[in-house]
Amino acid sequence: SSGLRSLFGVAAFLNFLLVPIMVLLPFFVEDFLHATPDWFGYMMAGFGVGAMIGYVAAGAVKLSGRPRAAVVISALIAMSALFMSIGFATGPKVALVLFVALGLTNGLVNINIATVIQITTPSEIRGRVMGLLGTLAGGLTPIAMGLSGIVADLVNQNIPLIIIVCGAASTALSIGIAFNRHFRQFLAYEPP
């Protein structure tokens, strides 16, 4: 369906835009937040804790139809905006709170999208569809990682600028996809 194709495109591009923060985060922590290297670990752990909270919340609150579509789209936009705001963080504690919130929205999005794919895809091709989604999202990761270093050198190691630009692009993409009728219908699908 065109909704599924839209999802694949969004997943691939969002993943591509969000990868640079993970590659550049150690430099951001030390050079811009002026924090010790252990804060990198705290932020990764904060993201993990937030994701766990998002997974539990997605499992505990049963959403279907339009409310599910609204939550997924809102979480997608919030996740992108949070990502962008990390570039404006002035200290490690602020960045840690943003990472927890980023993880939470990521957990909400991932569980709900996996659920929608499972209920919309016939069982005989479900594995191939999930595999293709993983390949599209994960296949761009090494390219994004390599480009992160090149772009960082081109902008004289201005890591906050890279985070803000990638976050702004992902926010624009998330807002744009929110207006795609096929994508909204796909997220709101209810089995007969």
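None of these values were measured; they are calculated from a predicted model.

> Now, about the overall build of the chain: what can you tell me, with residues and values included?
Secondary structure assignment for the chain yields eight helices and zero strands. Along the chain direction, N to C, the helices and strands of the chain fall in the order α-α-α-α-α-α-α-α. Dimensions of the chain along its principal axes, counting C-alpha atoms only, are 55 × 30 × 30 Å. The buried share among the 192 residues of the chain stands at 42%.

> Break down the pattern of salt bridges for me, with residues and values.
Across all of its chains, the model carries one salt bridge by this definition. The shortest N-O distance in the salt bridge between E190 and R68 comes to 3.5 Å. With E190 in the segment after α8 (181–187) and R68 in helix α3 (residues 65–86), the pair connects residues that are 122 residues apart, well separated along the chain. Among the residues examined, E190 registers a relative accessible area of 39% and is labelled partly exposed. With a relative accessible area of 3%, R68 lands in the buried category.

Parameters at a glance
Residues numbered from 1 in each chain as written. Predicted model: local features only at pLDDT ≥ 70, side-chain atom pairs only at ≥ 80, totals over all residues. Heavy atoms only, no water. Helix = DSSP H or I, 4+ residues; strand = E, 2+ residues; numbered from the N terminus. Buried < 20%, exposed > 50% of the residue type's maximum accessible area, 1.4 Å probe, protein only. Salt bridge = Lys/Arg side-chain N within 4 Å of Asp/Glu carboxyl O.

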